[in-house]
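Close look at the chain arrangement
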Amino acid sequence: MSTTDTVTKEFISDNEVFADVVNFLIFDGEKVVTPDSLVEMDSTSVAVPYGTDNTGTPVQKERDVVKNVTCKMYSDMVFAIVGIENQTSINYAMPVRNMLYDALTYTGQVEKAGKSYRKEKVKLSGAEFLSHFKKEDKLIPVITLVINFSPDKWEAPVSLYEMIDFKSDILKKFVPDYWINVIEPASLTKEQLKKFTTGFREVMECIKYSEDMYAMQQALLENERFKNLDRKTSNVLRYCSKLKIDFDIEEETMDMCKAFEDYKNLGKSEGIEIGKSEGIEIGKSEGIEIGKSEGIKIGKSEGIEIGKNEGIEIGRNEGLTRFATYLIKNNVDIQEIISQTGLSADDIMKIKSSMM
């Protein structure tokens, strides 16, 4: 069992929390079921589907939490057996899974009746003997509730029909449906959340708003109980909410408001550091790009200027060389050529040699 499974099981096993959830589910939040009216049951269900003659194959399944529920309006009689399954992720086969839990619990009631009759040597009719159950016997209703400890909406099937591929609707007359009860933070309204009177409300609120900092802060301001959360509630928030808050598991109570402010301040500080670092990197990168671009422009401009100057010089020299060649061909005196072109005597002699 994972740590998350352990802390959620410990949390829901608490009679005050369990009664709070049952009252919400069955009585719309009215305080009918009290913590002292709950009796813990063995969460492991073992049944032999074909009876107790050891000819069948035993089936064993373990629930998260299951309790007998009594209340004064029903003369302190057990009026229901309630099992709670804690989920931190979606289970697409939940209707079948819960249906099996319920069937095993009903089977257990039938087998318990049969054992009681055998122990007390009660005489049963033929049909009753084979059934291990009297004609007038009645079963205690079994209710299974799924609690989704995740901010994500439960988008898995909530009924057996949703899982079955009916080729024809006529088959539905012969196949009974089975639907599951789900409590999930994403679907709870503010008014519904206020119907819870234990730490279950704060757990649902924190998970519901864990990805919306503004809504989370509003919930903290509106609910004074966040300033004094008990250890079990704090543990569930530590493992089930997406708030990366530093919870002190050694403390018996926790001020969630202060912890949230510390979390925000830490996030702000880390955000500034990250922004600063990323800003430097972006600035450096953009600076290099801008420098490169401007450098190309400057280099291009200077290159054009240098090329222009060098081109003028080359053109001038070629022009003088051609003029000197023309004068040499016309037998002009070397001193006259020097005077007209400005070339040196050596330059003129080189031109003359190249003409031979």
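Conventions adopted
Residues numbered from 1 in each chain as written. Predicted model: local features only at pLDDT ≥ 70, side-chain atom pairs only at ≥ 80, totals over all residues. Heavy atoms only, no water. Helix = DSSP H or I, 4+ residues; strand = E, 2+ residues; numbered from the N terminus. Buried < 20%, exposed > 50% of the residue type's maximum accessible area, 1.4 Å probe, protein only. Contact = heavy atoms within 4.5 Å. Areas by Shrake-Rupley, 256 points an atom, 1.4 Å probe, with all protein chains shown as cover. Patch = residues over 30% accessible without salt bridge, like charges linked within 9 Å, V, L, I, M, F, W, Y side chains within 5 Å. Salt bridge = Lys/Arg side-chain N within 4 Å of Asp/Glu carboxyl O. Pairing = 2+ DSSP bridges. Axes fitted to C-alpha atoms, helices over the stretch in contact; angles between N-to-C directions. Phe/Tyr/Trp six-rings, centres within 6.5 Å; stacked < 30°, edge-to-face > 60°. Lys NZ or Arg CZ within 6 Å of the ring centre and 35° of its normal. Polar contact = N/O pair within 3.5 Å; in protein donor to acceptor, adjacent residues only side chain to side chain. Core = buried A, V, L, I, M, F, W, Y, C linked by side-chain atoms within 4.5 Å. Parallel < 35°, antiparallel > 145°, perpendicular 65-115°, else oblique. Left-handed = near helix turned anticlockwise from the far one by under 90°.

Each helix and strand counted, the chain has 11 helices and 9 strands in total. Looking at the chain residue by residue over its 356 residues, the buried ones come to 36%. For the chain, the share of sequence-separated contacts (at least 6 apart) that also reach a separation of at least 24 residues comes to 60%. Carbon and sulfur atoms provide 54% of the accessible area of the chain, an area that totals close to 22100 Å².

What follows covers a nonpolar patch on the surface. Taken together, the side chains of V96, M99, M163 and I164 make up a nonpolar region of the molecular surface, amounting to roughly 270 Å² of accessible area. Examined against the element boundaries, M163 turns out to sit in the loop between β6 (142-148) and β7 (181-183).

Further remarks concern the sheet that holds strand β1 (residues 38-40). With respect to topology, 5 strands assemble into an open sheet ordered β1-β4-β5-β6-β7, the strand pairing being mixed. Looking at strand neighbours, the two that pair on one side only are β1 and β7, the edges of this open sheet. Pairs of neighbouring strands in the sheet enclose a mean axial angle of 30°, with direction left out of account. Summarising the sheet, strand β5 (residues 77-87) and β6 pair through 7 bridges and their orientation is parallel. Bridge assignment links I81 to a residue of β6, and that residue is V142.

Its identity as a non-glycine residue notwithstanding, D28 has a phi of 55°, on the positive side. Positionally, D28 belongs in the loop between α2 (15-27) and β1. A positive phi angle, near 55°, is found at K121, a position not held by glycine. As for its position among the elements, K121 is in the loop between α3 (94-119) and α4 (126-131).

Time to look at the packing of aromatic side chains. Tallied over the entire structure, the rule returns 5 aromatic pairs. Geometrically, the ring pair formed by Y161 and F166 is edge-to-face, given 5.1 Å between the ring centres and 75° between the ring planes. Joined through ring pairs, the aromatic side chains of F11, F24, F196 and F200 make up one cluster. One cation-aromatic arrangement involves K67 over F18; the distance from NZ or CZ to the ring centre is 5.4 Å.

It is worth spelling out helix α8 (residues 231-240) at this point. Listing the buried residues of α8 in full gives T233, S234, N235, V236, L237 and C240. Between the side-chain oxygen of the N-cap and the backbone nitrogen of K232 there are 3.1 Å, and the N-cap of α8 in question is D230.

Next up on the list: the nonpolar core. Core analysis: the largest hydrophobic core is formed by 41 residues, its most contacted members being I12, I147, F149, F200 and M204. Within the residue set of this core, elements represented by two or more residues are α1 (3-13), α2, β4 (65-71), β5, β6, α6 (199-209), α7 (213-222) and α8. Those residues in contact with F200 that sit more than four places away from it in its chain are F11, I12, V17, D20, V21, I147 and I183.

So, about the pattern of salt bridges. With the rule as written, the count across this model stands at 15 salt bridges. In this structure, the salt-bridge partner of K232 is D14, at a minimum N-O distance of 3.5 Å. Of this pair, K232 sits in helix α8 while D14 is found in the loop between α1 and α2, placing the two residues 218 residues apart along the sequence. Since its relative accessible area comes to 25%, K232 is described here as partly exposed. Here R97 makes a salt bridge to E85, at a shortest N to O gap of 3.4 Å.

Topologically, T233 is positioned in helix α8. The residues touching T233, leaving out its near neighbours within four places in the chain, are F11, G199 and V203.

Looking at the element boundaries, V146 is found in strand β6. A sequence separation of 36 residues divides V146 from V182, and the C-alpha atoms of the two residues are 4.7 Å apart. When neighbours within four sequence positions are excluded, V146 is seen to be in contact with E85, Q87, M94, N98, W154, I180, N181, V182 and I183.

Where α6 meets α8, the axes come as close as 10 Å, and the angle between the chain directions of the two elements is 20°. With respect to α8, the axis of α6 lies roughly parallel. For α6 against α8, the interelement crossing comes out right-handed. Seen from α6, the contacting residues are G199, E202, V203, C206 and I207; seen from α8, they are T233, V236, L237 and C240.

It is worth stressing that arrangement in space is one thing and function is another; only the former is reported here.
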